[in-house]
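Okay, here's what each chain looks like letter by letter:
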Amino acid sequence: MTDENRIEREDNGAKGRYVVKGPDGIEAEMTFTKVGDHQLIIDHTEVPDAFRGQGVGARLVTRAVEDARAAGKTIIPLCPFAAAQFRRHPEWADVLKK
């Protein structure tokens, strides 16, 4: 994986995002909002056309799932893309807020 495709996590207190930076400053991002200490809401995923077909959006959601699992948190996938990813990955049920 090149530096261009590395996922970075930005945490701004109550909100944050996972981002993949591409050439010419383009960014794919998935934003989240924290709910208390043990939950987060994935509220938006945006993948520019330059990243389409590369699985970048799915990688962003996967990274959030891995981080939530490691921290003992659950996820509420309000974003339609993230919700679709959770439906495709029943193995993520342990971090899905019931």
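The coordinates are above.
Residues numbered from 1 in each chain as written. Predicted model: local features only at pLDDT ≥ 70, side-chain atom pairs only at ≥ 80, totals over all residues. Heavy atoms only, no water.

A. Broad picture of the overall build of the protein chain. Counting its regular elements, the protein chain contains two helices and five strands. Moving toward the C terminus, one meets the helices and strands of the protein chain in the order β-β-β-β-α-β-α. C-alpha atoms of the protein chain, sized along the principal axes, occupy 40 × 30 × 20 Å. When burial is assessed residue by residue, the protein chain has 38% of its 98 residues classed as buried. Taking the intrachain contacts of the protein chain between residues at least 6 apart in sequence as the baseline, contacts between residues at least 24 apart amount to 38%. Accessible surface, the protein chain as shown: approximately 5600 Å² in total, 53% of it carbon and sulfur. In the protein chain, 15 side chains carry a positive charge and 16 a negative one; their mean positions are 6 Å apart. (Helix = DSSP H or I, 4+ residues; strand = E, 2+ residues; numbered from the N terminus. Buried < 20%, exposed > 50% of the residue type's maximum accessible area, 1.4 Å probe, protein only. Contact = heavy atoms within 4.5 Å. Areas by Shrake-Rupley, 256 points an atom, 1.4 Å probe, with all protein chains shown as cover. Lys, Arg positive; Asp, Glu negative; His and termini not counted. Charge placed at Lys NZ, Arg CZ, Asp CG, Glu CD.)

B. Seen up close, the environment of Ala71. The residue Ala71 is located in helix H1 (residues 56–71) in this model. In the structure, Ala71 is positioned 24 residues away from Val95 in sequence and 10 Å away in space, judged by C-alpha atoms.

C. Quick peek at H1. Between its first and last C-alpha, H1 extends 23 Å over 16 residues, near the 22 Å set by a 1.5 Å rise per residue. Along H1, the residues classified as buried are Val56, Gly57, Leu60, Val61, Ala64, Val65 and Ala68. Downstream of H1 by a residue or two, Gly72 has a phi angle that is positive, lying close to 70°. (Expected span 1.5 Å × (residues − 1).)

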